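Chain by chain, the residues:
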Amino acid sequence: MIQSIIQSDSSPKNFGARYYIAQHMPNVMRKEPRNIGILVQKGNIRVTKFLGQDSSDGKIDARSLRSIADTRVYKMWLRHWEKSLTSDDWETKILKQSKPTYQFIPGGEVTDSGSDSAEDIANYLFSMLVSGGGLSEALGGEVEDMDIAAIKSSIKSEFKRLKIMKSVADSDIKHPIFEDRDLQGTSEWHRVTFLQESQQESWVFEPLDLNARLKQHARERAGYLAYLFGDLRKMSAKKMNTHAILRVSDDAKDEKHVKYAINAVRNNADITDWNDDKQRKELLNQCESAARAA
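Basis of the calculations
Residues numbered from 1 in each chain as written. Predicted model: local features only at pLDDT ≥ 70, side-chain atom pairs only at ≥ 80, totals over all residues. Heavy atoms only, no water. Helix = DSSP H or I, 4+ residues; strand = E, 2+ residues; numbered from the N terminus. Buried < 20%, exposed > 50% of the residue type's maximum accessible area, 1.4 Å probe, protein only. Contact = heavy atoms within 4.5 Å. Salt bridge = Lys/Arg side-chain N within 4 Å of Asp/Glu carboxyl O. Pairing = 2+ DSSP bridges. Axes fitted to C-alpha atoms, helices over the stretch in contact; angles between N-to-C directions. 1 Å grid on protein atoms, 1.4 Å probe; cavity = no way out; pocket = protein on both sides within 12 Å on 5 of 7 lines; lining within 4 Å. Points joined across faces, edges and corners; volume = space filled by probe spheres on them. Nonpolar A, V, L, I, M, F, W, Y, C, P; charged D, E, K, R; others polar. Polar contact = N/O pair within 3.5 Å; in protein donor to acceptor, adjacent residues only side chain to side chain. Phe/Tyr/Trp six-rings, centres within 6.5 Å; stacked < 30°, edge-to-face > 60°. Lys NZ or Arg CZ within 6 Å of the ring centre and 35° of its normal. Expected span 1.5 Å × (residues − 1). Arc of directions from axis to C-beta.

Trainee: I tried to follow the overall build of the protein chain on my own but got confused; where do I start?
Mentor: Tallying secondary structure elements over the protein chain gives seven helices and 10 strands in all. In the protein chain, which comprises 294 residues, the share counted as buried stands at 44%. Long-range contacts, defined as pairs at least 24 residues apart, comprise 65% of the intrachain contacts of the protein chain with a sequence gap of at least 6.

Okay, here's the thing in structure tokens:
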């Protein structure tokens with residue numbers, strides 16, 4: 001998924017935001033449109049967020065487009081919309097120059113958005129209207145996201161420092177690390193936090209914060225990761241390396257929820273203690289070596 005930020009001189013005032021919904025109708029006879037993207041305009045900023053576009057490079061990941069039969073046509077429409085949004089008459093173009101199969105419709109207005117950016121609003125609306133999580137993802141999922149936000153950010157910063165993250169990788173990096181990629185499981189697709197791939201192997205890295213404010217969330221995430229890692233290993237056609245990168249204070253290591261979480265993921269993943277300098281450096285060295293391998 002990508003967020004494209006576009007400047008505009010003609011726009012509503014900063015305290016409110018308008019939004020539009022991109023829709024795809026696979027079968028015109030059935031008239032069952034599916035939401036595939038969001039456009040938000042707040043102040044002089046416009047932000048778009050579509051299914052299947054990677055936030056690091058904007059390329060389409062077809063594995064995320066299970067509901068799109070013809071990804072070639074989908075890509076064509078995304079290019080058309082992105083070009084239209086650079087025009088002064090962008091609103092007319094995206095609303096009028098459309099087909100029943102691919103169209104933008106007015107969504108409404110978000111009032112009293114306060115200091116929330118257009119990007120924040122787009123992320124919220126995308127979670128609620130497009131990605132499938134619905135209101136529970138847009139609201140209820142915030143707590144779990146906050147529980148792993150710090151360690152996820154720390155891991156990502158290290159990958160970027162080494163210039164092995166796709167968004168900053170040099171040309172000599174053959175196997176960069178991607179963020180938020182979808183992988184096929186036995187019965188469903190899974191979104192993984194960090195993914196690195198070569199022709200022979202895949203590496204999945206998932207953060208796990210055992211200093212979480214809510215212990216039940218730590219237990220639930222550990223159980224989910226155990227299932228995720230096991231399911232991916234069953235389906236992968238090549239060697240699947242799974243890693244749980246955890247953060248836990250020394251004082252908490254003997255707590256029941258910490259022991260439970262570690263035991264839950266141990267059989268299906270390697271575990272790295274992010275607070276342990278030696279373990280952290282060893283993992284980063286492995287990632288960098290894999291990224292630079294031929």
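Once you've had a look at it, read on.
Trainee: Is there a simple way to explain the pattern of salt bridges in this structure?
Mentor: Pairing of side chains with opposite charge becomes possible as their charged atoms draw close. Tallied over the full model, the rule gives 15 salt bridges. Residues Arg 221 and Glu 206 are paired through a salt bridge, measuring 2.8 Å at the closest nitrogen-oxygen approach. Of the two residues, Arg 221 is situated in helix 5 (residues 215-235) and Glu 206 in strand 8 (residues 201-209); the sequence distance between them amounts to 15 residues. Residue classification places Arg 221 among the buried residues on the basis of a relative accessible area of 17%. One network of salt bridges, with partners in common, ties together Lys 152, Lys 156, Glu 179 and Asp 180.

Trainee: What should I look at first to understand the pairing of strand 10 (residues 270-273) in this one?
Mentor: Within a regular strand, the side chains alternate between the two sheet faces. Across four bridges, strand 9 (residues 239-247) lies against strand 10 in parallel orientation. Note on strand 10: the bridge partner recorded for Ala 244 is Ile 271.

Trainee: How should the environment of Arg 34 be read in this particular structure?
Mentor: The topology assignment puts Arg 34 in strand 3 (residues 34-42). Sequence-wise, Arg 34 and Ile 68 are 34 residues apart; in three dimensions their C-alpha atoms are separated by 9.8 Å.

Trainee: Even after reading the chapter, I still don't get the sheet that holds strand 7 (residues 189-197), so can you show me in this structure?
Mentor: Hydrogen bonds along the backbone pair up the strands of a sheet, which may run parallel or antiparallel. An order of 6-7-8-9-10 is seen for the five strands of this open sheet, with the pairing classed as mixed. Every other strand in the sheet has two partners, leaving strand 6 (177-184) and strand 10 as the edge strands with one partner each. Averaged over neighbouring strand pairs, the angle between their axes works out to 40° when direction is ignored. Across the sheet, helix 7 (residues 277-292) lies against strand 6, strand 7, strand 8, strand 9 and strand 10, angled at about 120° from strand 10, the strand it touches most.

Trainee: Would you take a moment to explain the pairing of strand 8 for this structure?
Mentor: Counted residue by residue, strand 8 has eight buried out of nine residues, so it is predominantly covered. The loop that links strand 7 with its antiparallel partner strand 8 comprises three residues. Sheet topology note: the strand 8/strand 9 ladder contains nine bridges and is parallel. Counterpart to Val 204 in the pairing with strand 9 is Thr 242.

Trainee: Got a minute to help me understand the layout of surface pockets in this structure?
Mentor: Any space left empty among the atoms is revealed by the rolling of a water-sized probe across them. The space that makes up the second largest pocket amounts to roughly 160 Å³. For the lining of the second largest pocket, the leading source of residues is strand 6, giving three residues. Residue composition of the lining of the second largest pocket, grouped by class: six nonpolar, three polar and four charged.

Trainee: Quick question: what am I supposed to make of the environment of Asn 267 here?
Mentor: Looking at where Asn 267 falls in the secondary structure, it is placed in the loop between helix 6 (256-266) and strand 10. Under the relative-accessibility criterion, Asn 267 is labelled exposed at 66%. In this structure the C-alpha to C-alpha distance between Asn 267 and Gly 230, which are 37 residues apart in sequence, comes to 8.7 Å.

Trainee: Quick question: what am I supposed to make of the side chain of Asp 182 here?
Mentor: Along the chain, Asp 182 falls in strand 6. One polar contact links Asp 182 to Arg 191, side chain to side chain, over a distance of 2.9 Å.

Trainee: Explain the packing of aromatic side chains to me, please; I cannot follow it from the model alone.
Mentor: A ring pair, where both rings are aromatic, is described by two values, the distance of the centres and the angle of the planes. Applying the stated criterion to the full structure yields 10 aromatic pairs. Judged by centre distance (5.6 Å) and plane angle (45°), the rings of Trp 77 and Trp 81 are tilted. Here Trp 77 and its partner Trp 81 are both found in helix 1 (residues 71-84), four residues apart, which amounts to about one turn of the helix. As far as the burial class goes, Trp 77 and Trp 81 line up, both buried. The structure contains a cluster of three or more aromatic residues connected by ring pairs, namely Phe 50, Tyr 74, Trp 77, Trp 81, Tyr 102 and Phe 104. Over the face of the ring belonging to Trp 274 we find Arg 280, whose NZ or CZ atom lies 5.9 Å from the ring centre.

Trainee: Help me out: how do you make sense of the side chain of Ser 198 in this one?
Mentor: Looking at the secondary structure, you find Ser 198 in the loop between strand 7 and strand 8. Judged by relative accessible area, which is 12%, Ser 198 ranks as buried.

Trainee: How should I be thinking about helix 7 in this particular structure?
Mentor: Think of an α-helix as turning once every 3.6 residues; residues three or four places apart then point the same way. Along its 16 residues, helix 7 runs 22 Å from first to last C-alpha, staying within 8% of the 22 Å computed at 1.5 Å per residue. Taken residue by residue, helix 7 has Arg 280, Leu 283, Leu 284, Cys 287, Ala 290 and Ala 291 as its buried positions. What you see down the axis of helix 7 is that its buried residues fit within an arc of 125°, all on one side. Turned more than 90 degrees off the buried face of helix 7, the exposed positions are Lys 278, Lys 281 and Ser 289. Capping the start of helix 7, Asp 276 holds a side-chain oxygen 3.0 Å from the backbone nitrogen of Lys 278, two or three residues further along.

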